Amino acid sequence: MSATLKGGDRLMRRLGELAKARGVVRAGILEDATNSETREPIAPYAAYNEFGTTGIPARPFLRNTVQREGEKWCRGLERAIANGRSVRDALTLAGMQMAADIQATIKSDMPPPNAPATIRAKTKKVDGGAPGETMTPGTLIDTGSMIQAVNYEVDA
């Protein structure tokens, strides 16, 4: 008894391509990210928030996001490859999702809450709001430069 697999040559070529494929996706505050106004590097500021300092409590937005979303990112890569995407395209899709998830964590107002002095310093007038109406940015948001600096890059 014998069997013939239709499309077997195509499948073998695809498996060969995937076996040779190499790639890396990085997401977060990339090395060259700078504050758009001051041109200062964002990475040190992000590290202070991620790990804490003597005056800033740790708010691990990167580590928490990786722990919470990492499996989802892997499944997305698997699906993209299974659906015929190139490794570069699959990694690009993963990077986009990773950056979006990191930004969502930053927006989530991570604990611990800001100190009263920090809240006072961050409180700003809401554009177009009623007189006296204010908005207090979250624990990891002040000027918005860190969240804007979240990005991804693919090496494939």
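Before any of the text, the structure's been laid out above.
Notes on the structure in this doc start here. (Residues numbered from 1 in each chain as written. Predicted model: local features only at pLDDT ≥ 70, side-chain atom pairs only at ≥ 80, totals over all residues. Heavy atoms only, no water.)

Concerning the side chain of asparagine 35
Then comes step 1: With respect to the secondary-structure elements, asparagine 35 resides in the loop between strand 1 (24-29) and helix 2 (43-51).
Then comes step 2: In this structure asparagine 35 comes out as buried when scored by relative accessible area, which is 14%.
Then comes step 3: Separated by 3.4 Å, the side chains of asparagine 35 and serine 145 make a polar contact.
Then comes step 4: Dropping the residues within four chain positions of it, asparagine 35 is found in contact with Glu40, Ile42, Thr143 and Ser145. (Helix = DSSP H or I, 4+ residues; strand = E, 2+ residues; numbered from the N terminus. Buried < 20%, exposed > 50% of the residue type's maximum accessible area, 1.4 Å probe, protein only. Polar contact = N/O pair within 3.5 Å; in protein donor to acceptor, adjacent residues only side chain to side chain. Contact = heavy atoms within 4.5 Å.)

Considering helix 4 (residues 87-107)
Note that an α-helix has 3.6 residues per turn; residues three or four places apart therefore point the same way.
Then comes step 1: The terminal C-alpha atoms of helix 4, which comprises 21 residues, lie 30 Å apart, in line with the 30 Å expected from a rise of 1.5 Å per residue.
Then comes step 2: Taken together, the buried positions of helix 4 are occupied by Ala90, Leu91, Ala94, Gly95, Met98, Ala99, Asp101, Ile102, Thr105 and Ile106. One side of helix 4 carries all its buried residues, which in axial view fall inside an arc of 170°.
Then comes step 3: Buried residues along helix 4 sit against strand 1, helix 3 (61-82), helix 6 (145-149) and strand 4 (150-155).
Then comes step 4: Where helix 4 terminates, the next one or two residues include aspartate 109, which has phi positive at roughly 60°. (Expected span 1.5 Å × (residues − 1). Arc of directions from axis to C-beta.)

Topic: the packing of helix 3 against helix 4
Then comes step 1: Contact geometry for helix 3 and helix 4: axes closest at 9 Å, N-to-C directions at 150°. If you check the angle between helix 3 and helix 4, you find them roughly antiparallel. Crossing geometry of helix 3 relative to helix 4 is assigned as right-handed. Every residue of helix 4 that contacts helix 3 at Phe61, Leu62, Thr65, Arg68, Glu69, Lys72, Trp73, Leu77, Ala80 and Ile81 is listed here: Val87, Ala90, Leu91, Leu93, Ala94, Gln97, Met98, Asp101, Ile102, Thr105 and Ile106. (Axes fitted to C-alpha atoms, helices over the stretch in contact; angles between N-to-C directions. Parallel < 35°, antiparallel > 145°, perpendicular 65-115°, else oblique. Left-handed = near helix turned anticlockwise from the far one by under 90°.)

Some thoughts on the side chain of threonine 65
Then comes step 1: Relative to the assigned elements, threonine 65 resides in helix 3.
Then comes step 2: Assessed through its relative accessible area of 0%, threonine 65 is described here as buried.
Then comes step 3: When residues no more than four places from it in sequence are discounted, the contact partners of threonine 65 are Gly70, Trp73, Asp101, Ile102 and Thr105.

Description of helix 3
Then comes step 1: For helix 3, with 22 residues, the first-to-last C-alpha span of 30 Å sits near the 32 Å given by 1.5 Å per residue.
Then comes step 2: Within helix 3, the axis deviates most sharply at glutamate 69, by approximately 55°.
Then comes step 3: All buried positions along helix 3 are accounted for by Phe61, Thr65, Glu69, Gly70, Trp73 and Ala80.
Then comes step 4: Buried residues belonging to helix 3 abut strand 1, helix 2, helix 4 and helix 6.
Then comes step 5: Just past helix 3, the residue glycine 84 takes up positive phi, approximately 90°. (Bend = angle between axes of the 7 residues up to and from the residue.)

Regarding the environment of alanine 21
Then comes step 1: Within the element layout of this structure, alanine 21 appears in the loop between helix 1 (8-20) and strand 1.
Then comes step 2: A relative accessible area of 26% means that alanine 21 is categorised as partly exposed.
Then comes step 3: Distance from alanine 21 to arginine 88, taken between C-alpha atoms, is 9.1 Å for residues 67 residues apart in sequence.

A few points about the pattern of salt bridges
Then comes step 1: For the structure on display, the rule yields 6 salt bridges.
Then comes step 2: A salt bridge links arginine 63 to glutamate 50, with the nearest nitrogen and oxygen atoms 2.8 Å apart. With arginine 63 in helix 3 and glutamate 50 in helix 2, the pair connects residues that are 13 residues apart, well separated along the chain.
Then comes step 3: The exposure class of glutamate 50 is buried, given its relative accessible area of 3%.
Then comes step 4: One network of salt bridges, in which partners are shared, links Arg68, Glu69, Lys72 and Asp101. (Salt bridge = Lys/Arg side-chain N within 4 Å of Asp/Glu carboxyl O.)

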